[in-house]
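Here is how the chains run, residue by residue.
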Amino acid sequence: MAESEGREPGHEAKLVRDAQAGRSAAFAELLRRYAPRVSALVYQLTSDADAARDLSQTVFLKAYRGIRSLRSGASLRAWLFQIAANEAKSFLRRRQREREHLPPDAQPLAEAAAADRGPLDRLVADEERAAVRAALDELPPRQRSVLVLRHFHGLSTAEAAEALKCSANAVKANLCYALKSLRAKLAGGENRE
Amino acid sequence: MNNQACEQVQAQIGEYLLGGLPDAEREAIESHVALCPRCACELADTRRALDALDQAGLAAAPTGVADAVVAGVADRLRQGLRPRSRFGWPLAVAAAAACLAVGALGIWLGTRPTGRDAGGQVANERLVFEAQAVVAHARSVLRQLDDVKREYDAIGRMVNGGPGPMKRGDRTEGPKVIGNLKGVGS
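All values reported here derive from a predicted model rather than from experimental measurement. (Residues numbered from 1 in each chain as written. Chains lettered and ligands numbered in written order. Predicted model: local features only at pLDDT ≥ 70, side-chain atom pairs only at ≥ 80, totals over all residues.)

Undergrad: Explanation requested: the overall build of chain B in the structure shown.
TA: Along chain B, the regular secondary structure elements total six helices and zero strands. Listing the helices and strands of chain B from first to last along the sequence gives α-α-α-α-α-α. (Helix = DSSP H or I, 4+ residues; strand = E, 2+ residues; numbered from the N terminus.)

If you want it as structure tokens, here you go:
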């Protein structure tokens, strides 16, 4: 994806303009281009395959409805990622509230449901992966978003700041805290073993 | 190595590993780490943490998710979802306000005493006067509608990066910027 964006920025800009003019075919092409990355981002932010599917659909439907508000020359990727990050944040907040209202006995069931990451992942999951995911899950949403956008999606500090509506310094600080926490959690896990 | 230098380096290790530093800062970190075992250790730990993330199977959503997203969204588009119109909610609000105002006047005129009881001449004069009031009010509502539209366009131009007429293809839905998603599709 990154390569294709780099090779044909003019083509993507044209697709955006066409989509803004109401041409569904242009939006469908953008959808095909970005669906893998947006769904990956939502998955990385929620650790939930169902949420990745449902929230990503919401992201694109919102993008379709609001594409005329995208400034000329603005980054479509940053815009989509921002919608996705907001959707993921709302989802995590809702999930947190639901868990708080569950009786204590039901909490492990909720945890198990959240850990259900699809049949393929269940097959390949091992303890180390589970530990990394658990460590990621424990990060505050902003730190997690910064880490995921910078590490998995290769966004620069400025791009991540644009996507998360915060300053470049906030991105740098959150990245630093996120890595520090991740290191500590992973080291803690190793020490326990 | 002094603590302050170590703190600065350790705060930048993430950016360093993710390629976010300019050459000069990158080289400064490399020089420092070469002489500082503590920071070298931090660097190695952070690198391991990032490697562990790579191994966690999170690089992509599970198989089939992206395809399901494309299919689901395409389905909704086929059902007739449309992008928002040029003026979006402000115009809708203003139009609703105008309808309400005209409707309220209509009800008032329909339910008030007609004046026939008080004599034909006076009643007719009052009717003409009230009709003029309705027309004046309708004009006022239209002016307000126009003001709302003008203000909305002005904010749109401001957000789009400075004065100048809004061009076709510019953002057309109002004063939203990347990050301000209030109202997008909700």
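Undergrad: How should unusual backbone geometry be read in this particular structure?
TA: Most peptide bonds take the trans configuration, and most residues that are not glycine carry a negative phi. All names here are of chain A. Its identity is not glycine, yet Ser-47 carries a phi of approximately 55°, on the positive side. For Ser-47, the location among the structural elements is in the loop between helix H3 (24–46) and helix H4 (49–66). The exposure class of Ser-47 is buried, given the 22 C-beta atoms found within 10 Å. A positive phi angle, near 55°, is found at Lys-165, a position not held by glycine. For Lys-165, the location among the structural elements is in the loop between helix H10 (157–164) and helix H11 (168–192). (Buried ≥ 20, exposed ≤ 12 C-beta atoms within 10 Å, placed from the backbone.)

Undergrad: Before we go on, may I ask you to explain the nonpolar core in this structure?
TA: Taken as a class, soluble globular proteins show a tendency for nonpolar side chains to be buried jointly. Counting 61 residues, the largest nonpolar core has Val-42, Leu-80 and Ala-84 of chain A as its most contacted members. Among the elements that take part in this core, H3 of chain A stands out by supplying 11 residues, more than any other. Lining this core are residues from two domains, each supplying at least three of them: domain 1 (1–116) and domain 2 (126–193) of chain A. Ile-13, Ile-29, Cys-39 and Leu-43 of chain B belong to the second-largest nonpolar core, a separate cluster that totals six residues. (Core = buried A, V, L, I, M, F, W, Y, C linked by C-beta atoms within 7 Å. Domains from an automatic or database assignment.)

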